[in-house]
Amino acid sequence: MSEMITPDLVDLDLTADSKEAAARALALRMLSLGRVTDLDGFLADVAAREAQMPTGLEGGIGIPHCRSTHVTAPTLAFGRSAAGVDFGAPDGPADLIFLIAAPAGADDAHLSILSSLARRLMRPEFVAALRAAGTPAEAAALVAGDDTPAPKPAETAPQPSAPQSNEQQPSAPQSNEPTTPAAPQPNEPTTPAAPKAAAPTPEAAPDAEGAARPFRVVAVTSCPTGIAHTYMAAESLQQAARAEGMEIRVETQGSAGFTPLDPADIAAADAVVLAHDVPVRDRARFAGKATVDVGVKAGINRPAELLAEAREKAARGETGTPAPTPVEQQDRETDGHGARLRTWLMSGVSYMVPFVAAGGLLIALAFAIGGYEINTAPSVAEHFVWTEAASWAALLFQTGSLAFGFLVPVLAGYIAYGMADRPGLVPGFVGGAVALTINAGFLGGLIAGLIAGGTVLAVQRIRIPTALRGIMPVVVLPLIGSAVTAFLMFLVVGKPVASLQKALTDWLSGLSGANAIILGVILGLMMCFDLGGPLNKVAYAFAIGGLASPNEGSLKVMAAVMAAGMVPPLALALATTVRGRLFSKTERENGKAAWFLGASFITEGAIPFAAADPLRVIPAAMAGGAVTGALSMAFECTLRAPHGGVFVIPLIGNPFLYLVAIAAGTITAAGLVILLKGLRGRPQAPADADGEAGAENAPVTVAA
């Protein structure tokens, strides 16, 4: 690792009062050595990673890290702060800060080295040696692994709260070796030595020869970038298992790839620990096992508790694997019911959107070619003339209508999937089909998905005989879930929901005047608040739900939502063109791409700008979106296509006024961004590579 960190990349007297300032100070050292090509672009990538999940760890450690196209070679910078810097750890500020920079296409060897550092940070003697290092050269040698630290006395600096261990073992990026009281060699199966410190527990099952064997655990760790937290959680779990006399195999699903757990090890395991912040790949392998499912930071901070919980669940015979964790979700053990509900609903919406886009665009093209009367054309399976435009229009319309027919079942199915994984799919799809049958529509699909997922989760909590666990995911759970969901939808909640859906449809049909404008303002604000995030998706889902049973009001809502969603990237593109000196070189380049992204209705094109300066960009974007939404509703513009941006303008009712609404919102948002950035003034910054004055030198601010 010596080529990744040098004394020039070490600051033992880091004076930074925020995590952004600390990242900038260390990144400047990388920039001076040519390891980073664009300071602001790299810091924006660091901020985007930090926004996904705080990188502070208990014990005074901060590990901001990212993969970035602005990094030329894998690099590690180290800073030691006397005052401490808050990186979001529950026990307070970090005094040891590691900035890890990996190229976007970093090879496995370099990422393995970075993972090795992550593992060593879990060892108290290594952390103590870093706190005691007297020179940058000494600290660089420690981090590089050239100087193995001896264990420190108890009176040294405070230690991390990772599990203690008196043994060291070689670190490896893949950790599918069992960890037992005897330290194993990397990637070699190890037969557990008899634990010296603990008598056999009541839960320890006898092996084939009748002797008690250790409690066996398999685990998976993963984080959004797969560089640091993944391997730190694995190391913590291994140390805790060793201390408890357990046998553990850990699959690290990191950036360096991963070696899947041996199916025989999974079959022999008594319990499963999943410590992850991205979905676990192929998690159906663990069906029927007692499972502890938490965020990756829980695996780092409290591994002993997780292993104890796994032992208790195995003793009670609990089985099942809860829903996977989305990338944008933070530590799940702190999530409330509202956050989980939002995650489940967004799971269904995200899978439904492609059906909406494909079906809606096909229907819109059919209307453009054959006129609105094409919806009465006979089936193309019975009548199709190759040379007639009307036949091709009918083909497009009927194909799009079939795609639209899947909207509600897909929504319900994947809401249930988000709650209960694959066993929830069949009950969810069945519930969605029932919602269509009883005309409960979009709202019926939402309710059916929640019922299906809840039913499967409830059944999974029932203690069942071991012999039946294998058929639970493929027979028992789909069977019971489908029967219960259909019963409730047909006979209990279906009709009231259908009545509510009809009332909503009638309300949209009657929208006019001030009510329509107010709704346009609200939808515009929602579309621009989080730029493609949950609130944006809620507004979009509301609009496309109306397309399932289109009327004049729902078509106006769809038009307002798409127009408002186009504003943020277009506004930032305009601002970077008009007042480029207020933006960094990277932002000016992003501004060029934002023209196309905004025109295509890809709101996420504004995210790089918001990540770097949310307090100025997001309010300006919301103001512009509100103006556009209000004007679109006031002009009574309509839209039958759920996506497409300016490329479906010919399919829009009142297209000229629609463009006026978009232009007004874009100018409003761009003007506010320029005004707010101009009021701050333009800080001096290092020159860009092209010789122009560089980007503003303000710290990168992480979006909340």
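Numbering of residues starts from 1 in every chain and runs along the sequence as written. In keeping with the model being predicted, local features are shown solely for residues with a pLDDT of at least 70 and side-chain atom pairs are shown and tallied solely at 80 or more, while totals for entire chains, interfaces and linings include all residues. Hydrogen atoms and water are omitted, and side-chain values are computed over all heavy atoms in the structure.

Quick look at the overall build of the protein
Per the convention used, a helix needs a DSSP run of H or I reaching at least four residues, while a strand needs a run of E reaching at least two, with both numbered from the N terminus. Assigned secondary structure in the protein consists of 22 helices and twelve strands. We call a residue buried when its accessible area falls under 20% of the maximum for its residue type, exposed when it is over 50%, and partly exposed in between, using a 1.4 Å probe and counting protein chains only. Across the 704 residues of the protein, 54% fall into the buried class. Should any heavy atoms of two residues lie within 4.5 Å, those residues are considered in contact. Of all intrachain contacts in the protein linking residues separated by at least 6 positions in sequence, the fraction that spans at least 24 positions is 73%. About 28,000 Å² of surface is accessible on the protein, with carbon and sulfur atoms providing 62% of the total. Each accessible area value is a Shrake-Rupley result obtained with a 1.4 Å probe; residue values ignore everything except the protein chains displayed when judging cover.

Digging into the nonpolar core
Generally speaking, a soluble globular protein has its nonpolar side chains buried in company with each other. Residues belong to one nonpolar core when they are buried, are Ala, Val, Leu, Ile, Met, Phe, Trp, Tyr or Cys, and are joined through side-chain atoms within 4.5 Å. Counting 59 residues, the largest nonpolar core has Met-352, Val-561, Met-562, Leu-639 and Tyr-658 as the members making the most contacts within it. Broken down by element, this core gets its largest block of residues, ten residues, from helix H18 (residues 552-578). For Tyr-658, the residues in contact, after removing those within four places along its chain, are Ala-559, Met-562, Ala-563, Ser-632, Cys-637, Leu-639, Ile-649 and Ile-652. One finds Ile-63, Leu-99, Ala-139 and Ala-140 within the second-largest nonpolar core, a separate group that totals 52 residues.

Structural notes on unusual backbone geometry
Most of the time, phi is negative for any residue but glycine, and the peptide bond is trans. In this structure, Phe-601 takes a positive phi of about 65° despite not being glycine. With respect to the helices and strands, Phe-601 occurs in the loop between helix H19 (585-599) and helix H20 (607-612). Since its relative accessible area comes to 6%, Phe-601 is described here as buried. One non-glycine residue, Asn-654, lies in positive phi territory at about 60°. Structurally, Asn-654 is set in the loop between strand E12 (652-653) and helix H22 (655-680).

Topic: the pairing of strand E8 (residues 247-252)
The element E8 is extensively covered by neighbouring structure, given that six of its six residues are classed as buried. The alternating pattern of E8 places Glu-247, Arg-249 and Glu-251 and Ile-248, Val-250 and Thr-252 on opposite faces, both of which are buried. Both strand E7 (residues 216-222) and E8 contribute to a ladder of six bridges, which runs parallel. Across the sheet, the residue bridging to Val-217 is Ile-248, located in E8. One requirement defines pairing of two strands: DSSP has to find at least two bridges between them.

Details of the pattern of salt bridges
Every case where a carboxyl oxygen of Asp or Glu lies within 4 Å of a side-chain nitrogen of Lys or Arg is listed as a salt bridge. Within this structure, the stated rule accounts for twelve salt bridges. With a shortest N-O distance of 3.3 Å, Glu-589 and Lys-592 are connected by a salt bridge. Here Glu-589 pairs with Lys-592, and both are found in helix H19, just three residues apart, close to one helical turn. Residue classification places Lys-592 among the exposed residues on the basis of a relative accessible area of 56%. Residues participating in the shared-partner salt-bridge network are Asp-613, Arg-616 and Lys-677.

Examining the packing of helix H4 (residues 124-132) against helix H5 (residues 136-144)
For the pair H4 and H5, interaxial distance at closest approach is 9 Å and the crossing angle is 165°. Classified by the interaxial angle, the pair formed by H4 and H5 is roughly antiparallel. Two packed elements cross with a definite hand, and for H4 against H5 that hand is left-handed. Each of Phe-126, Ala-129 and Leu-130 in H4 lies in contact with H5, whose residues at this interface are Ala-139, Leu-142 and Val-143. Under the scheme applied here, ten amino acids are nonpolar (Ala, Val, Leu, Ile, Met, Phe, Trp, Tyr, Cys and Pro), four are charged (Asp, Glu, Lys and Arg), and all others, including Gly, are polar. When grouped by side-chain class, the residues that make up the contact of H4 with H5 number six nonpolar, no polar and no charged. Working convention: axes come from line fits to C-alpha atoms, limited for helices to the stretch in contact. Angles between N-to-C directions cover 0 to 180 degrees. Geometric relationships in this document are graded by angle, where less than 35 degrees denotes roughly parallel, more than 145 denotes roughly antiparallel, 65 to 115 denotes roughly perpendicular, and other angles denote oblique. Crossings are assigned a handedness: left-handed for a near helix turned anticlockwise from the far helix by less than a right angle, right-handed for a clockwise turn.

Description of the packing of helix H1 (residues 19-32) against helix H2 (residues 39-52)
Two numbers describe how H1 lies on H2: the axes approach to 10 Å, and their chain directions differ by 140°. Considering the angle they form, H1 stands oblique to H2. Relative to H2, H1 is oriented so that their crossing is right-handed. On H2, the residues touching Lys-19, Ala-23, Arg-24, Ala-27, Leu-28, Met-30 and Leu-31 of H1 are Leu-39, Asp-40, Phe-42, Leu-43, Val-46 and Glu-50. Its residues assigned to classes, the contact of H1 with H2 comprises nine nonpolar, no polar and four charged.

Looking at the sheet that holds strand E10 (residues 290-294)
What the four strands build is an open sheet, ordered E8-E7-E9-E10; its pairing is parallel. At either end of the open sheet lies a strand with only one pairing partner, and these are E8 and E10. The mean inter-strand angle of the sheet, taken between neighbouring strand axes irrespective of direction, is 15°. Sheet analysis places strand E9 (residues 271-276) next to E10, joined by five bridges and oriented parallel.

Comments concerning helix H9 (residues 303-316)
Expected helix span is taken as 1.5 Å per residue step, with the number of steps being one fewer than the number of residues. Relative to the 20 Å expected for 14 residues at 1.5 Å per residue, H9 spans 20 Å between its end C-alpha atoms, a close match to the ideal helical length. Buried residues of H9: Pro-303, Leu-306, Leu-307, Ala-310, Arg-311 and Lys-313, and no others. End-on view of H9: buried residues confined to an arc of 165°, all on one side of the axis. Tucked into the core, H9 has its buried residues touching E7, helix H6 (229-244), E8, E9, E10 and helix H8 (296-301). Following H9 by one or two positions, Gly-317 adopts a phi angle in the positive range, close to 80°. By arc we mean the arc of the directions from the helix axis to the C-beta atoms, nothing more.

A word on the packing of aromatic side chains
We call Phe, Tyr and Trp rings a pair once their centres come within 6.5 Å, taking the six-membered ring for Trp, and we label the pair stacked below 30 degrees between planes, edge-to-face above 60, and tilted otherwise. Taken as a whole and assessed by the stated rule, the structure comprises eleven aromatic pairs. Plain terms: the ring middles of Phe-384 and Trp-392 are 5.1 Å apart, the flat faces sit at 80° to each other, and that makes the pair edge-to-face. With relative accessibility at 37%, the residue Trp-392 sits in the partly exposed group. One cation-aromatic arrangement involves Arg-311 over Phe-215; the distance from NZ or CZ to the ring centre is 5.0 Å. By definition here, charges over rings are those cases where NZ of Lys or CZ of Arg is within 6 Å of the ring centre and within 35 degrees of the ring normal.

Structural notes on H2
Since one α-helical turn is 3.6 residues long, residues separated by three or four positions face the same way. With 14 residues, H2 extends 20 Å between its outermost C-alpha atoms, agreeing within 8% with the 20 Å of an ideal straight helix rising 1.5 Å per residue. Taken together, the buried positions of H2 are occupied by Leu-39, Asp-40, Gly-41, Phe-42, Leu-43, Ala-44, Val-46, Ala-47, Arg-49 and Glu-50. Buried residues in H2 make contact with H1, strand E4 (65-68), strand E6 (94-103), H6, H19 and H20. Between the side-chain oxygen of the N-cap and the backbone nitrogen of Asp-40 there are 3.2 Å, and the N-cap of H2 in question is Asp-38. A 3.5 Å cut-off defines polar contacts: any pair of N or O atoms within that distance qualifies, except that in protein one atom must be a possible hydrogen donor and the other a possible acceptor, and neighbouring residues in sequence count only when both atoms are side-chain atoms.

As for the side chain of Asp-95
On the secondary structure map, Asp-95 appears in strand E6. Within the local environment of Asp-95, its side chain forms a polar contact with the side chain of Arg-131, the two groups lying 2.8 Å apart. Ignoring anything within four residues of it in the chain, the contact list for Asp-95 reads Gly-60, Gly-79, Arg-80, Ser-81 and Arg-131.

Topic: the confidence of the model for the protein
The pLDDT value tells you how sure the predictor is about a given residue, anywhere from 0 up to 100. In this model, the protein carries an average pLDDT of 77, and 77% of its residues clear a pLDDT of 70 or more. Between residues 152-205, whose pLDDT stays under 50, and residues either more than four places distant or in other chains, the model counts 124 contacts. Under a pLDDT of 50 for its full length, residues 321-334 has, in the predicted model, 56 contacts with residues more than four places off or in other chains.

Thoughts on the environment of Ala-284
Tracing the chain through its elements places Ala-284 in the loop between E9 and E10. Note: C-alpha distance between Ala-284 and Pro-473 (189 residues apart in sequence) is 8.7 Å.

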